[in-house]
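Topology and contacts: notes
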Amino acid sequence: MSHGSGLQAGLKNRHLSMIAIGGVIGAGLFVGSSTGIATAGPGILLSYALVGTLVVLVMRMLGEMSAANPTSGSFSAHADRALGRWAGFSIGWLYWFFWVVVLAVEATAGAKILEGWIPAVPQWGWALIVMLVLTATNLVSVGSYGEFEFWFAGIKVVAIGAFIVVGVLAIFGVLPGVHSDKAGLSNLTAHGGFLPHGPGAILTGVLLVVFSFMGSEIATLAAGESENPQRAVTKSTNSIIWRIAVFYLGSILVVVSLLPWNDPSIKTDGSYVAALNSLGIAHAGEIMNFIVLTSVLSCLNSGLYTASRMAFSLGERGDAPKAFAKTNSRGVPMAAILASVLFGFVAVFFNYKFPDSVFLFLVNSSGAVALFVWLVICFSQLRMRKIIQREAPEKLVVKMWLYPYLTWATAALILFVLGYMLTDTEGESSGRTTVLLSLGVAAVVIVIALVKEKVVAGRKAPAVAEEPADKVAAG
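Residues numbered from 1 in each chain as written. Predicted model: local features only at pLDDT ≥ 70, side-chain atom pairs only at ≥ 80, totals over all residues. Heavy atoms only, no water.

With that settled, the discussion passes to the confidence of the model for the protein chain. Detailed conclusions should not be drawn from predicted coordinates in areas where pLDDT is low. This prediction gives the protein chain a mean pLDDT of 87; 95% of its residues lie at or above 70. Confidence drops under pLDDT 50 across residues 1-5; counting only partners more than four residues distant or on other chains, this segment forms 11 contacts. (pLDDT = per-residue confidence, 0-100. Contact = heavy atoms within 4.5 Å.)

Here it is, written out as structure tokens:
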């Protein structure tokens, strides 16, 4: 990406490394894993492994395209070139919509924890404070965003690392001062087997855990504002396998080994808190609340950054107001940030005023966007590989494995997950509701994109037609 476009190379290598690591550890890992464990038992490990494999493959494709052409628009810009303007427009706006809804979800989650600590400030007050502080951080410079994310992600990484080490020592009975009568690898099979609810529960588990992986792609957007974009993308793409294996599979394996999967405390206290409590670690709940709060703030910080950079890229390509593509002297796209946070504030308001109607619609209608993004990355890579090979083969420094067969297999798996979601009909936020509402919103955005394309083409046609007449007159 040319730095003359307004954005500046304000992210250091240590920022990029931690953004890449922290991007795969969402608050959903801490908050949502208990439901997955209750649904699939120890077999939830297979659900995480399946989705983790999917993310590794998708990131490999994205890494191939982004290493060849690092840009703040990432997969949206690649789709624009590989599939057509309508595709880049549609997936860019859907992704922006996803993250501004996430802002509201995470601001509310953080406000609940902070209100529990300091009840004198109401929950909506905390949500406002959190949003304002992180908006200010993003407005100062990309370096300040990187610094905040470095420390937020650092705390998450250290916390999960410590949890895994303590848990493994306890499982093998060598943790000093702790003798847990429940811990042991026997928990993986002792309570109704590894798959107590049958193999079908693995796919149900997939639906519950798939959205906690969203954020892996942030490093490819941020790479455009680093000193060496190609190196940053290559590094983050190559390291995603061990990141998912350690942080997701490693920590969940520890949880289901420390406690029987059907222990009631997993559902009531949350999986990680229940695991720490089983070891008699003092103040486990408060320790975990602090880590969850850090994850929430990290997700908010990254969400605002990601939404604003996507808006900036859309503005650059003429798919959003031109003001979004303007930056100040520090290389900050202020209009893009303020527009994103404004929608976030509106969503927070809806969360407090209409939680069961308007806000539920927003959450459900953005829920399947992660899968849409991954699908678009698959189809973009199939076309983009040929373009890169034709125009600049030396830029293929990261290559998708077993192209094109593995790309097609990944796309088929994503379509299968979307299809399976349609069979889930339980509750207001069922898989079917999420897929149908998300498809509805996607259809509206695609129609807008196609109409816009037709209007632009219509304006160009008269100009082209008039040109020969002008030349005749000149002659």
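A few words on the pattern of salt bridges. As a working rule, side chains carrying opposite charge can pair if their charged atoms are close by. Scanning the entire structure with this criterion turns up 8 salt bridges. Measuring nitrogen to oxygen at the nearest pair gives 3.1 Å for the salt bridge that ties Lys-452 to Asp-319. A residue pair is termed long-range when its members are at least 10 positions apart, and Lys-452 in helix α18 (residues 431-474) and Asp-319 in the loop between α13 (284-316) and α14 (334-353) qualify at 133 residues. Classification of Asp-319 by relative accessible area gives buried; the value is 6%. Through salt bridges that share partners, Asp-80, Arg-85, Arg-317, Asp-319 and Lys-452 make up one connected network. (Salt bridge = Lys/Arg side-chain N within 4 Å of Asp/Glu carboxyl O. Helix = DSSP H or I, 4+ residues; strand = E, 2+ residues; numbered from the N terminus. Buried < 20%, exposed > 50% of the residue type's maximum accessible area, 1.4 Å probe, protein only.)

This next bit is on the packing of helix α4 (residues 74-82) against helix α5 (residues 85-117). Running from amino to carboxyl end, α4 crosses α5 at an angle of 160 degrees, the nearest separation of the two axes being 6 Å. The orientation of α4 with respect to α5, classified from their angle, is roughly antiparallel. For α4 against α5, the interelement crossing comes out right-handed. For the pair α4 and α5, the contacting residues are Phe-75, Ser-76, Ala-79 and Asp-80 in the first and Arg-85, Ala-87, Gly-88, Ile-91, Gly-92 and Tyr-95 in the second. When its residues are assigned to classes, the contact of α4 with α5 shows 5 nonpolar, 3 polar and 2 charged. (Axes fitted to C-alpha atoms, helices over the stretch in contact; angles between N-to-C directions. Parallel < 35°, antiparallel > 145°, perpendicular 65-115°, else oblique. Left-handed = near helix turned anticlockwise from the far one by under 90°. Nonpolar A, V, L, I, M, F, W, Y, C, P; charged D, E, K, R; others polar.)

Moving on: the environment of Pro-229. Structurally, Pro-229 is set in helix α10 (residues 229-258). For Pro-229 and Thr-71, which are 158 residues apart along the polypeptide, the C-alpha to C-alpha distance reads 8.6 Å. Filtering out sequence-adjacent residues up to four positions away, Pro-229 remains in contact with Pro-70 and Ala-223.

This paragraph deals with the packing of aromatic side chains. Considering all chains together, one arrives at 20 aromatic pairs under this definition. Between Phe-98 and Trp-99 the ring centres are 5.3 Å apart and the planes differ by 85 degrees, which places this aromatic pair in the edge-to-face class. Each member of the pair, Phe-98 together with Trp-99, is buried. Taking the centre distance of 5.9 Å and the plane angle of 70 degrees together, the rings of Phe-379 and Trp-408 count as edge-to-face. With Phe-379 in helix α16 (residues 369-391) and Trp-408 in helix α17 (residues 405-421), this residue pair connects regions lying 29 residues apart in the sequence. What links up through ring pairs into an aromatic cluster is the set Phe-75, Tyr-95, Phe-98 and Trp-99. In this structure, Arg-14 packs its charged tip against the face of Phe-150, placed 4.6 Å from the ring centre. (Phe/Tyr/Trp six-rings, centres within 6.5 Å; stacked < 30°, edge-to-face > 60°. Lys NZ or Arg CZ within 6 Å of the ring centre and 35° of its normal.)

Below, the discussion takes up the packing of α5 against α14. Relative to each other, α5 and α14 sit at 55 degrees, their axes nearing to 8 Å. Taken together, α5 and α14 sit at an angle that is classed as oblique. Where α5 crosses over α14, the two elements pack in a sense that is right-handed. Mapping the contact onto sequence places Trp-96, Phe-97, Val-100, Leu-103, Ala-104, Ala-107, Thr-108 and Ala-111 in α5 and Ala-339, Ser-340, Phe-343, Gly-344, Ala-347, Val-348, Asn-351 and Tyr-352 in α14. Along the lines of polarity and charge, the residues of the contact of α5 with α14 split into 12 nonpolar, 4 polar and no charged.

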